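Listed below are the residues making up each chain.
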Amino acid sequence: SSSTQLAISTPYYWRVRGSNECGDQDFLATKSFHTQVFACENYENNTSETIPSTGQATIENKITVPTGGSISDLNISKIKGNHSNMNHLDVSLISPTGIEVVLFSNICLTTTSFDFGLNDEAAQSINCPPNNGSQFTPQNPLSAFDNETAEGEWTLKTFVNSTAGNGGKISEFHLELCADVTLN
């Protein structure tokens, strides 16, 4: 018995007919099916959230994803902002089901502004200063979200882990979700 691997996101068609020593019959109507379809969508929150200059505050940037599907890949295509001491920030992503992944914590001692993305498939870990839009691997893998549903509220949580510093802001948070989709 041989097996054939079917391609993702591909339509397949088949038809059958009977055949024996008495002859061949007409083909029956053609039937079809479609293998699993994946689509990637980008979602953005460009509303600036201020990081206070006093206390150990927590701020949240949220993105609501309106449709579902099982996640096959998730990337933070952009985190942009500033803080007087980037190493005072612990930043994590929280899924609609409550799974939390720490993206970075206590990095880049003298960095004050940042503009970068996070992707498990990136070539390198976070390189300081991360301010040129490059993609880096997060401190903990985003694959923790694989097979989660895409639909719902995603939260970028920023915790200030020190009372020293002059504050700042998270000005952009972009999320790329790749998930299977349902065909109608």
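Use the structure listed above.
Keep in mind that what you see is a predicted model, and the values were worked out from it rather than measured. (Residues numbered from 1 in each chain as written. Predicted model: local features only at pLDDT ≥ 70, side-chain atom pairs only at ≥ 80, totals over all residues. Heavy atoms only, no water.)

1. Quick notes on the nonpolar core
One broad trend across soluble globular proteins is that nonpolar side chains are buried collectively.
Link 1 in the chain: In terms of nonpolar packing, the biggest core is built from 33 residues, with Leu74, Leu103, Phe104 and Leu118 touching the most fellow members.
Link 2 in the chain: Looking at this core, the elements with two or more residues in it are strand E7 (58–65), strand E8 (71–83), strand E9 (89–94), strand E10 (100–105), strand E11 (113–118), strand E13 (152–160) and strand E14 (168–181).
Link 3 in the chain: In contact with Leu74, other than residues within four places in its own chain, are Leu93, Leu142, Phe145, Trp154, Leu175, Glu176 and Leu177. (Core = buried A, V, L, I, M, F, W, Y, C linked by side-chain atoms within 4.5 Å. Buried < 20%, exposed > 50% of the residue type's maximum accessible area, 1.4 Å probe, protein only. Helix = DSSP H or I, 4+ residues; strand = E, 2+ residues; numbered from the N terminus. Contact = heavy atoms within 4.5 Å.)

2. Looking at unusual backbone geometry
Link 1 in the chain: With omega at -5°, the peptide bond leading from Cys128 into Pro129 counts as cis.
Link 2 in the chain: Mapped onto the fold, Pro129 is located in the loop between E11 and strand E12 (135–136).
Link 3 in the chain: For Cys108, which is not a glycine, the phi torsion comes out positive at approximately 55°.
Link 4 in the chain: Locating Cys108 in the fold gives a position in the loop between E10 and E11.
Link 5 in the chain: Taking the relative accessible area as the measure of exposure, Cys108 reaches 8% and is therefore buried.

3. Focus: the environment of Asn85
Link 1 in the chain: Mapped onto the fold, Asn85 is located in the loop between E8 and E9.
Link 2 in the chain: When neighbours within four sequence positions are excluded, Asn85 is seen to be in contact with Leu109, Thr111 and Gly165.

4. Examining the side chain of Asn87
Link 1 in the chain: Mapped onto the elements of the fold, Asn87 is located in the loop between E8 and E9.
Link 2 in the chain: Leaving out residues up to four positions away in the same chain, Asn87 has contacts with Asn106, Ile107, Cys108, Leu109 and Asn161.

5. Some thoughts on the packing of aromatic side chains
Link 1 in the chain: Counting across every chain of the model gives four aromatic pairs.
Link 2 in the chain: Centroid distance Phe114 to Phe116: 6.4 Å. Interplanar angle 65°. Geometry classified as edge-to-face.
Link 3 in the chain: A network of ring pairs unites the aromatic residues Phe104, Phe114, Phe116 and Phe136 as a single cluster.
Link 4 in the chain: The ring of Phe27 carries Arg15 above its face, with NZ or CZ at 3.9 Å from the centroid. (Phe/Tyr/Trp six-rings, centres within 6.5 Å; stacked < 30°, edge-to-face > 60°. Lys NZ or Arg CZ within 6 Å of the ring centre and 35° of its normal.)

6. Some words on the pattern of salt bridges
Link 1 in the chain: Counted under the stated rule, the structure contains seven salt bridges.
Link 2 in the chain: Here Glu60 ties to Lys62 by a salt bridge, and the two come within 3.0 Å at their closest N and O atoms.
Link 3 in the chain: The partly exposed category is assigned to Glu60, whose relative accessible area is 35%.
Link 4 in the chain: The shortest N-O distance in the salt bridge between Lys80 and Glu172 comes to 3.9 Å. One end of the pair, Lys80, is in strand E8; the other, Glu172, is in strand E14, and 92 residues separate them in sequence.
Link 5 in the chain: Residue Glu172 is classed as buried on the basis of its relative accessible area, which comes to 18%.
Link 6 in the chain: What emerges from the salt-bridge pattern is a single network uniting Lys78, Lys80, Asp115 and Glu172. (Salt bridge = Lys/Arg side-chain N within 4 Å of Asp/Glu carboxyl O.)

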